[in-house]
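Structure at a glance
So the chains spell out like this:
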Amino acid sequence: MDITTALRNELKQQVDEKTKASFQRFFKEEVKGYGVKAADVIKLANKYFKEIKKKDKKEIFTLCEQLFKSDYSEEAFIAAEWAYRLHDSYIPADFETFETWINKYINNWAKCDTLCNHAIGSFIEKYPGFIENLKGWTKSENRWVKRAAAVSLILPARNGKFLDDIFEIADNLLLDEDDLVQKGYGWMLKEASRNHQGEVFNYVMNHKKNMPRTALRYAIEKMPQDLKSKAMAR
């Protein structure tokens, strides 16, 4: 039995009826999921990665793509996790693979964030020149590509990196009407505020007349109450 078949069989065996019943409520769009608890999905990702980790990266990426193609949320999580575990062996050409996956297989916020936060985020830390490609994503008509432009910088932002680029991406997405894009760049600004509170506060104050309230609330979430009050004041 091949790896993907064995993995899928185990996912089917571990369906939790309560998880299955509540799965859809986190999403506006229709989502496909087995209904397996997150902790159990992580255990399966760990278990099967041990079996494939000695394969070359191209083979593992092929397995990841097979999982993404199924459209099941749990399989997408495992694919993104496996892709991230290869971060020490990323090369510049891998960006094209990640970009293809986003365009072809990412169709809800959870899949977007799982792939972007860790795999693409660690790729960008290794090859920061590709931030220019993220800026290009902000011009996409695909809501998930636009969200990906921001949430791929969550971990670098948390580490205090790339502040000017973060502001440029926020500028590009500032007036986007999609609430999931707004939440994406608001989250990016919030993470940047951990190390650059003053700069992010000034950015919010300079743009608050135009910034959607959803993005603004996300951006200031980690700030002290007095700064929050100033930012929220009409």
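Notes on the structure in this doc start here.

Cut-off values and rules
All residue numbers refer to positions counted from 1 along the written sequence of the respective chain. For this predicted model, a pLDDT threshold of at least 70 governs which residues receive local features, and a threshold of 80 or more governs which side-chain atom pairs are given and counted, while totals over whole chains, interfaces and linings are taken from all residues. For the side-chain quantities, the full set of heavy atoms in the structure was used; hydrogens and water were omitted. Lines fitted to the C-alpha atoms define the axes, with helices restricted to the stretch that makes contact. Angles between their N-to-C directions range from 0 to 180 degrees. Helix and strand assignments come from DSSP, with helices taken as H or I runs of at least 4 residues and strands as E runs of at least 2, each series counted from the N terminus. Angles are sorted into four bins: roughly parallel if under 35 degrees, roughly antiparallel if over 145, roughly perpendicular if 65 to 115, and oblique for all others. Left-handed is the label given to a crossing in which the near helix is rotated counterclockwise from the far helix by less than a right angle, and right-handed is the label when the rotation is clockwise. Contacts are assigned to residue pairs that have any heavy atoms within 4.5 Å of one another. Any residue that is not Ala, Val, Leu, Ile, Met, Phe, Trp, Tyr, Cys, Pro, Asp, Glu, Lys or Arg is counted as polar, Gly included; the first ten are nonpolar and the last four charged. The rule is simple: take the accessible area with a 1.4 Å probe, protein chains only, and divide by the maximum for that residue type; under 20% is buried, over 50% is exposed, in between is partly exposed. In summary, the pairing rule links any two rings of Phe, Tyr or Trp, Trp by its six-membered ring, whose centres are within 6.5 Å, and it sorts them by plane angle into stacked for under 30 degrees, edge-to-face for over 60 and tilted for everything else. Two thresholds decide whether a charge sits over a ring: the Lys NZ or Arg CZ must be within 6 Å of the ring centre and within 35 degrees of the ring normal.

Things to note about the packing of helix H13 (residues 197–207) against helix H15 (residues 225–232)
Relative orientation of the contacting elements H13 and H15 amounts to 20°, with a least axis distance of 9 Å. One finds that H13 runs roughly parallel with respect to H15. Seen along the crossing, H13 lies across H15 with a hand that is left-handed. Contact residues: Gln197, Phe201, Val204 and Met205 in H13; Leu227, Lys230 and Ala231 in H15. Split into classes, the residues belonging to the contact of H13 with H15 amount to 5 nonpolar, 1 polar and 1 charged.

A closer look at helix H11 (residues 163–173)
Along H11, the positions that sit buried rather than exposed are Leu163, Asp165, Ile166, Phe167, Ile169, Ala170 and Leu173. Close packing links the buried residues of H11 with helix H8 (131–137), helix H9 (143–151), helix H10 (154–158), helix H12 (179–193) and H13.

Examining unusual backbone geometry
Despite not being glycine, Asp71 has its phi angle at roughly 75°, a positive value. Position of Asp71 among the secondary structure elements: in the loop between helix H4 (57–70) and helix H5 (73–84). Phi at Phe162 takes a positive value of approximately 60°, unusual for a residue other than glycine. Of note, Phe162 is situated in the loop between H10 and H11.

Concerning the environment of Leu174
Along the polypeptide, Leu174 turns up in the loop between H11 and H12. Those residues in contact with Leu174 that sit more than four places away from it in its chain are Tyr185, Tyr203, His207, Asn210, Met211 and Pro212.

Some details on the packing of aromatic side chains
Here the structure, examined in full by the defined rule, presents 17 aromatic pairs. When the centroid spacing of 5.4 Å and the interplanar angle of 75° are considered together, the rings of Phe61 and Trp101 count as edge-to-face. Here the residue Phe61 occupies a position in helix H4, and Trp101 occupies one in helix H6 (residues 94–105), the gap between them amounting to 40 residues. Accessibility classification places Phe61 together with Trp101 in one group, the buried group. Aromatic ring contacts, followed pair by pair, group Phe61, Phe68, Tyr90, Phe95, Phe98, Trp101, Tyr105, Phe123, Tyr127, Phe130 and Trp137 into a single cluster. A cation over an aromatic ring shows up here: Arg85 above the ring of Phe49, its NZ or CZ 5.4 Å from the ring centre.

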